[in-house]
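# Close look at the chain arrangement
Spelled out from the first residue to the last, the chains are:
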Amino acid sequence: MSVASMKTGRAARRWPVLAEASAGEGRAWLFVFKTLLALYLAAWLAMWLRLEQPATAMITVGIVMHPHSGMVQAKSFYRAIGTLCGSAFGLALLCVFPQQRVLFLLCMSLWVGLCAGGATLYRNFMAYGFVLAGYTAAIVALPAIGNPLGVFDSALMRVSEVMLGLLVAGVVSELVFPERLRLVLRQEARAHFAHFIDFVRGSTGGSIPRAEMEQAHLRFVRAAVQLENQRASVIFEDPEIRARSTRMRLLNQHNMAAATSFQSLHHLINRLQRERRDAEVAALIALYRPIGAALTTAPDELHDPAVLAPRLRECALGLPAREAELRAGLAPGRAQLAFDTGATVLKRFLDELCGYVEVELALRGRVQHGAVERVHFRRANDATGAMVAVLRTFLTMATLSAFWIASGWAFGVSAMLLATVFSGLLAAMPNPLASAFNMLAGYALGMLAGLFTAYVLLPGSDGFPMLVAATLPLLLIGPWLNAHPEFGNIGGGYAIGIVYILALKNPMVYDPAHAFNDAIAQLAGVALAAVSFVFVPRVTGSGWLRRRQFRRLREQVVEAASAPLDGLPWRFESESRDLFHQAIVHTRPGSRESRALLAWALAVHESGRALIELRQQLRAGRYPVEVREAVDRAVQAVARMYRRPDATQRQQAEGLARAAIEACAAAPALRPHLYQLLGALRDDESPLAGWMPAGEPARAT
Amino acid sequence: MPREIAIQGVLVPGLLPIFLGCLLLMVLVDLLIGRYGLYRYVWHPPLFRLALFACLFGLAGLLFLH
């Protein structure tokens, strides 16, 4: 180690804040460097290829370069699709309404609105595709409106420029010091695996308090959703991850299923404990103990699937004998039924845990052999948020169009164009109202900087190196602001504003009157896009949408009770988690709402899963008609109760579940699932407890 | 192969289909390499992929259009 690095090392230890700041600053400057490289490369290539407006390529770079640039290829993929769709639509629109400005602008507004809606609907990088689809359609069609005959050439030019910008941005961020997201993904997946195994091992003692289980559930759901999000992006950038993609999905599904079964088991044990049925609790804990023992290995092998997988399989083989032995020690009737229920859930859990560990083992191998089952992580998107975004953007664009037509504004094109870009960008942001005004301020600043550069610094320069020298100092402020989240979205506005007003061309055209008129029009466009968020606020994260998602989360049980069974377990696990995750990120941790949501999520998981298992069992076996009918009635009653929970519905569901257990006296395979359902209905720690008749002892199961 | 191809009256450079073909080929090669984990023997995988694509495209272009 050299003296200098020892010194910095010591300084870092003494002032950790300083070391942290310098590390952050290093990353920021790297981003500045990459963005500027991409900007100038795009400008140079566009001039070299004799494209009409190098500025379009530069703006595209400005729109798509983002500090979170780990997933360049995912973005590029969707962007390219968006660009092609947008330009095709723009062309078609011009061909259909070359002389009908009202219809033309109406269709254009609708298209841009739909694209903004799409951008809100898909929370990952597909959003970029939608933003660009709107932007390209506008940039292809709007400037050509005064000259319909030249539309094809103009469209070709715009598409080439946009594509060039995308290509340069993609190549630069991929090749120059790329941030490898794969490593992050791998690290997080391993950490999650270790957490889960630790959690399972840590609860060998039997009971986990409900509060702790809720926290664990929150953690696991977050991990599951995040892993899926990352997987969906990383497959584009990394061929190795792509080869593992199906397995990673399967891994996630096994994990979710195992987590649900694990929770169900512990809900059951907790309930029995509260009812003071110690014999059953002791038997179930004794049955559970071998799993904990199988997971307890040498300290450095605690999270090694290669060691865990055979141990778990061995444990699964010994389970039936142990179960029979423990069951014989219990009194027949109620006690054995409770034990059977626990044993069924435990077997299911062990099976899923084995699957989870084995898939993890396969994933860690160098080469991926054979094919595995294809499963999908189903998203639970809500169309209302997107509809509101469509409406808002449509209104913005329609207002601008009407003003343009009524006033005969020569620079209406610029206003429309900028409104399109910013409606799309803002719609995809987490906090659009604050972002919108930050962006507006940034845009105004960027324009001032652009005007200063274009009319003070640039005129004296000659040749490309001089152009770089003249524009660099003010241009680099944009990406630098962008790399610092504390400045909000000022940077985003600044970067686009300065490039737009610079309008670099070869040879450069100087026309101050045009530039100022353009600037005013652009500012009006951005302002209108921002103001529209005041009039039509965003629904994502609002109380109304959260209540809606809450209801949909409960209705997952209805889905579990009535949807076709094929693929239902996977669908149920992923959709309910996605819904829950969407709702919980907008609540304050520890608030009443957040706790209610968590409690309901646990209840939904337990009941939904039990319903699915029950229905699968019913489908697989041969049962007399009266048994089928009784079970069916109970299933429907539980579904009704989750659709509209109240005391009578709960009472009715409980009665029918009891009746079904009676009817299934001769069908021992069905009884544990029904008993699990009944227990979930009577759980005095679940949210259903509020509807239980007061004074009735909790132990009446 | 002709230098320019007419699609519905629009002249398209003959390199375009070659480019698309190379892109497809690249996806297949990528799949193969990813499956056997061979990228870990490469210092800078994205650079390698870009270079590989440039080689493929250059070769195909020279073969078909020269």
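Before any of the text, the structure's been laid out above.
Since this is a predicted model, take the numbers as computed values, not measurements.

When you go through chain B residue by residue, the secondary structure sums to 2 helices and 2 strands. In chain B, the succession of helices and strands from N to C terminus is β-β-α-α. Relative to the globule expectation of 11 Å for 66 residues, the C-alpha radius of gyration of chain B, 15 Å, shows a markedly less compact shape. Along the longest, intermediate and shortest principal axes, the C-alpha atoms of chain B span 45 × 20 × 15 Å. Every one of the 66 residues in chain B was classed for burial, and the buried ones make up 9%.

When you go through chain A residue by residue, the secondary structure sums to 26 helices and 0 strands. Oriented by its inertia axes, the alpha-carbon framework of chain A measures out at about 95 × 70 × 45 Å. Looking at chain A residue by residue over its 701 residues, the buried ones come to 49%. When contacts within chain A are restricted to residue pairs at least 6 apart in sequence, those whose partners lie at least 24 apart make up 81%.

Looking now at the packing of helix α24 (residues 625–643) of chain A against helix α25 (residues 647–663) of chain A. All names here are of chain A. Two elements in contact, α24 and α25, have axes separated by 8 Å at closest approach and are oriented at 160°. With respect to their mutual orientation, α24 and α25 come out roughly antiparallel. Crossing hand, α24 versus α25: left-handed. Residue-level inspection shows E626, V627, A630, V631, R633, A634, A637, V638, R640 and M641 of α24 in contact with α25, the latter providing Q649, R650, Q652, A653, L656, A657, A659, A660 and A663. When the residues that make up the contact of α24 with α25 are grouped by side-chain class, the tally is 13 nonpolar, 2 polar and 4 charged.

With 11 residues of chain A at the interface, the matching set in chain B holds 11 residues. Secondary structure elements with two or more residues in the side of chain A that touches chain B: α7 (151–175) and α10 (239–274) of chain A. Class assignment of the residues belonging to the side of chain A that touches chain B gives a composition of 6 nonpolar, 1 polar and 4 charged.

All names here are of chain A. Of all hydrophobic cores here, the largest spans 111 residues; its most connected members are A42, M58, V61, V131, A138 and A141. The element contributing the most residues to this core is helix α6 (residues 126–141), with 13 residues. The next biggest cluster of nonpolar side chains, apart from the first, holds 97 residues, and it includes I197, V221, L312 and A634.

Side chains that are three or four residues apart share a direction in an α-helix, a result of its 3.6 residues per turn. In this model, helix α17 (residues 463–475) of chain A (13 residues) spans 18 Å end to end at C-alpha, consistent with the 18 Å of a helix rising 1.5 Å per residue. Every buried residue of α17 of chain A is accounted for by L467, T471 and L475 of chain A.

The rules we used
Residues numbered from 1 in each chain as written. Chains lettered and ligands numbered in written order. Predicted model: local features only at pLDDT ≥ 70, side-chain atom pairs only at ≥ 80, totals over all residues. Helix = DSSP H or I, 4+ residues; strand = E, 2+ residues; numbered from the N terminus. Rg over C-alpha atoms; globule rule 2.2 N^0.38 Å. Buried ≥ 20, exposed ≤ 12 C-beta atoms within 10 Å, placed from the backbone. Contact = placed C-beta atoms within 7 Å. Axes fitted to C-alpha atoms, helices over the stretch in contact; angles between N-to-C directions. Parallel < 35°, antiparallel > 145°, perpendicular 65-115°, else oblique. Left-handed = near helix turned anticlockwise from the far one by under 90°. Nonpolar A, V, L, I, M, F, W, Y, C, P; charged D, E, K, R; others polar. Core = buried A, V, L, I, M, F, W, Y, C linked by C-beta atoms within 7 Å. Expected span 1.5 Å × (residues − 1).

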